[in-house]
Amino acid sequence: MAGFLRPGERAPVAFGLSFDSDRGEAGGAAPVYNKNERLALAEQRRRLPIYAHRTELLYLVETHATTVVVGETGSGKTTQLPQYLHEAGWTQGGKLVACTQPRRVAAMTVAARVAEEMGCRLGQEVGYAIRFEDVSTPGVTKIRFCTDGVLLREMMSDPLLLKYSVVMVDEAHERSLATDMLLGLLKKVQRRRPDLRVVISSATIEAEKMARFFDTSNVRRPRAHAELPAEGAAPSRSPALMSVEGRTHSVQVHYLEAPTNDYLTAAVEAAVAIHREDLPGDILIFLTGQDECETVVRLLEDEGRRLQRSKLKWRLKPVALYAGLPAAHQLGVFEPAPRGVRKVVVATNIAETSVTLEGIVYVVDSCFAKQRCYNPLTGLESLLIAPISKASAAQRAGRAGRVRPGHCFRLCTEEDYESKLPATTVPEMQRSDLSGAVLQLKSLGVDNIMTFEWLAPPPAETMIRALETLHALGALDLDARLSRPVGTQVADLPLDPPLARMLLASSELGCTAEVLTVVAMLSVQSVWAPGGKREVDEAKARFSVAEGDLISYLNVWKAWGESGRSKKWAVAHRVMHRSMLRAADIREQLQAHLRRLGLRQGSALEGVSLLDHAEALTTVRKALAAGMFINAAKLTEELAVKLSDQQDMGASVYRLVRSAGGDAAAAKLRIHHSSVLFRCRPQWVLFYAAEQNDSGWYEMRDVLAIESAWLTELAPHMYRLVPLNPQLRR
Ligand code: ADP
Ligand code: MG
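Each value, and the rule that gives it
- Residues numbered from 1 in each chain as written.
- Chains lettered and ligands numbered in written order.
- Predicted model: local features only at pLDDT ≥ 70, side-chain atom pairs only at ≥ 80, totals over all residues.
- Heavy atoms only, no water.
- Pairing = 2+ DSSP bridges.
- Helix = DSSP H or I, 4+ residues; strand = E, 2+ residues; numbered from the N terminus.
- Axes fitted to C-alpha atoms, helices over the stretch in contact; angles between N-to-C directions.
- Buried < 20%, exposed > 50% of the residue type's maximum accessible area, 1.4 Å probe, protein only.
- Expected span 1.5 Å × (residues − 1).
- Salt bridge = Lys/Arg side-chain N within 4 Å of Asp/Glu carboxyl O.
- Near = heavy atom within 4 Å.
- Polar contact = N/O pair within 3.5 Å; in protein donor to acceptor, adjacent residues only side chain to side chain.
- Areas by Shrake-Rupley, 256 points an atom, 1.4 Å probe, with all protein chains shown as cover.
- Domains from an automatic or database assignment.
- Contact = heavy atoms within 4.5 Å.
- pLDDT = per-residue confidence, 0-100.

Engineer: Could you clarify how one ought to interpret the sheet that holds strand E13 (residues 360-365) in this entry?
Structural biologist: The strands making up a sheet associate through backbone hydrogen bonding, with each pair oriented either parallel or antiparallel. The sheet built from six strands is open, its strands ordered E9-E16-E13-E10-E12-E11 with parallel pairing. In this open sheet, the two strands that pair with only one neighbour each are strand E9 (251-255) and strand E11 (315-321). Neighbour-to-neighbour, the strand axes of the sheet open up by a mean angle of 20°, direction not taken into account.

Engineer: Would you explain the pairing of strand E15 (residues 380-387) in this entry?
Structural biologist: Two faces make up the sheet, and in a regular strand the side chains alternate between them. Counted residue by residue, E15 has six buried out of eight residues, so it is predominantly covered. As paired elements, strand E14 (residues 368-375) and E15 share eight bridges and run antiparallel to each other. In the strand pairing of E15, Cys373 is matched with Ser382. Between the end of E14 and the start of E15, which pair antiparallel, lie four residues, with Gly379 showing a positive phi angle near 75°. Here two bridges tie E15 to strand E20 (residues 684-692), and the two strands are oriented parallel to one another. Residue Glu381 lies in a different strand from E20, and its bridge partner there is Glu691.

Engineer: Where do I start with helix H9 (residues 263-276) in this structure?
Structural biologist: Residues spaced three or four apart along an α-helix face the same direction, because each turn holds 3.6 residues. The terminal C-alpha atoms of H9 lie 19 Å apart, and with 14 residues this matches the ideal 20 Å at 1.5 Å per residue to within 8%. With ten of 14 residues buried, H9 is to be regarded as a mostly interior element. Within the span of H9, buried status applies to Tyr263, Leu264, Ala266, Ala267, Val268, Ala270, Ala271, Val272, Ile274 and His275. Backbone geometry just downstream of H9 places Asp278 in the positive-phi region, at approximately 65°.

Engineer: Where do I start with the pattern of salt bridges in this structure?
Structural biologist: A pair can form between side chains of opposite charge whenever their charged atoms are brought close. Going through the model one piece at a time under the given rule, you end up with 30 salt bridges. Here Arg47 makes a salt bridge to Glu43, at a shortest N to O gap of 3.0 Å. By relative accessible area, which is 24% here, Glu43 ends up partly exposed. Linking Arg574 and Glu535 is a salt bridge whose minimum nitrogen-to-oxygen distance equals 3.8 Å. On the criterion of sequence distance, the pair formed by Arg574 in the loop between helix H21 (567-572) and helix H22 (577-596) and Glu535 in helix H19 (residues 533-541) is long-range, its members being 39 residues apart. On the basis of relative accessible area, Glu535 is assigned to the partly exposed category, the value being 41%. Taken together, the shared-partner salt bridges connect Arg45, Arg54, Glu87, Arg113 and Glu117 into one network.

Engineer: Quick question: what am I supposed to make of the site of ligand 1 here?
Structural biologist: Taken together, the neighbourhood of ligand 1 is formed by 14 residues, with Gly74, Thr78, Thr79, Glu358 and Arg402 sitting nearest. Within the side chain of Thr78, one N or O atom sits 2.5 Å away from an oxygen atom of ligand 1. Against a free-state accessible area of 560 Å², the protein chains account for coverage of 84% of ligand 1. Broken down by element, the shell around ligand 1 gets its largest block of residues, three residues, from helix H4 (residues 77-87). Composition of the shell around ligand 1 by domain shows at least three residues from each of domain 1 (12-244) and domain 2 (251-429).

Engineer: Would you explain the environment of Val446 in this entry?
Structural biologist: For Val446, the location among the structural elements is in the loop between helix H14 (435-443) and helix H15 (460-472). As for Val446 and Leu185, which are separated by 261 residues in sequence, their C-alpha atoms are 9.1 Å apart. Setting aside anything within four residues of it in sequence, one finds Val446 in contact with Leu185, Lys188, Leu441 and Phe452.

Engineer: What's the story with the confidence of the model for the protein chain in this structure? I'm lost.
Structural biologist: Should the pLDDT be low somewhere, the predicted coordinates at that spot are not to be read in detail. With 88% of its residues at a pLDDT of 70 or more, the protein chain shows a mean pLDDT of 87. Scored below 50 in pLDDT, residues 1-13 makes 29 contacts in the model with residues more than four places away or belonging to other chains. Low confidence marks residues 224-232, where pLDDT is under 50. Its contacts with residues over four positions away, or in another chain, come to seven contacts.

Engineer: I keep staring at unusual backbone geometry and nothing clicks. Help me out?
Structural biologist: Keep in mind that most residues, glycine aside, have a negative phi and that most peptide bonds are trans. Geometrically, the link from Arg484 to Pro485 is a cis peptide bond, its omega value of 0° lying close to zero. The residue Pro485 is located in the loop between H15 and helix H16 (486-492) in this model. Backbone geometry at Phe132 places phi at a positive 70°, although glycine is not the residue there. Note on placement: Phe132 falls in the loop between strand E3 (126-130) and strand E4 (133-135). Positioned with a positive phi, Asp702 is a non-glycine residue whose angle comes to about 50°. Assignment of secondary structure puts Asp702 in strand E21 (residues 698-706).

See below:
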């Protein structure tokens, strides 16, 4: 892990800071943060910075095919622009305004806020759609917030997005994979649909690039489609660039005087130091993941209890904020703190731009985030804690200046900040597996992926790898065209290609009932209720089978079903009831998809006698293997060396079977401790996901034990029996 100080070195948290400059401004009296909070919603809307630009914005959208809007977080882009467009008539004639978000949480919370402002029920005039969850009403919904991925998928049935008059791509600077794809596709759609308006909201650093990308004023337009408006009525093809000045105050940045190797403790100490100054204002702490957030919340709760005896004006109230947070817990995060309470929001980088938090005056920034990386040579991903970019750090600091001049405390030295943080973040598209993306583009008719107009091109190796994977799955033919029916069906299912492939195989093998369950359970956040490792392990043990995690899921599903889907049962067995309900919902939707595709459905295990059970289960395992055979690993005789104080001893080392040479052969894997096969030593396994983490190992999750013969049987094009291959012998 990258650190600003070598492990073991310990330095006290010390910012050379003084709060004195604040005292004058605060004037001792508690200022009211949400000064608009008590106003009627209409009045609150009029007070947003973007309101002064309403007329101009509407004029620009009217006269330009593309408008790029730049503005500080909180200026009103996300909540107001779609409403302005609606009020100005862009939703007349049955058309909708779409607003895409890279994050599901953002799509949901923003839609709820806008519905409130418009005085309608969520899902009526204002709705949202995330994968497997559509809260909108055809014919009624005018403004639709959705994830960028959902809009991409919609293009498969409505390639020109005819349903929409305006598509607003929000948070475009985040450069999520789906946003990058969407931008390229929207540019193509604009050529066929001069009437479509694209609005892009972006942070300053990316805005010029976006505007240049959408500038087609020099490109000759293909002959207009007969049904579309005449050329004369078409808007300008040079994008308009507009900037909404924020309502931000200055933010003073502080650095550590000496580096720290423990940013969790440093964050807690910083928050307590701020709190002890007894000045008003909420605190926002940026960490890298859910576990860290929960840990720091607990530490701060302890500190809060300890501080209760001191005569401070405010009481500490720490709350966590991360993507997988249950909706019920999120409320506490967004609600303004009551009088006498100082909220400390402990968040992942979800709080960087996409959600609105009121009342923050202090930001404590670990300067780290979890970053996903992809190695096209091994086909394996890693999720490592890495320093954030300076652009991200600036965004994070900006969150402190919303209500009055604020402070940002970076938990690193200024020197390290300058020398170790990159200027900008690498777009997700350049560090992800692209097989799903390539398949989607192919099914949208983008046959030559290499000539597709990207904002930034993907690495060639990743592209090749994606094509290889899709070909191995049978989704592409030898000419790299979508195969029929497998390729089109895999693309049609709203799933990762391997999961989609499993479902197709299960239809052929007559075990859709079982594979649907597995796929649905793989699509939810977590099946197990959070808790101590020991308790969770014990809970899992009741359902564990030697065939691995995926088959164990079947047992959980069956037992939950037999309990009458009882919440009491779930609680007693440490199973997350909410996840199970969601899995049930996803399962039903996927079942409907299969029906629509005209695929045969059946069960391998239902009504099967005990004698035939093993054989029936083999059928299910083979269907699962048909989607995962690329990720095959073989046990070696090596033992993982002890790497940390956790019980690492004894975990066996696996090697990737797919020997693409160098990197792939060298990648060492082991079974993740969350797997039911941890501590078991199956000879051959398939895994749904393996991720390199900060221990340096690739850890396999959702593991399925198989027989080696299946590999050559299922994928003769990939695996041959090579008895003397030294790599396999070891
Ligand atoms: P932007 O997209 O420019 O960052 P938003 O449109 O998200 O800004 O937010 C504009 C304003 O609306 C915020 O400053 C805040 O006052 C208010 N707001 C947004 N979301 C919520 C919410 N969930 N609850 C309360 N107020 C909100
Ligand atoms: Mg926004």
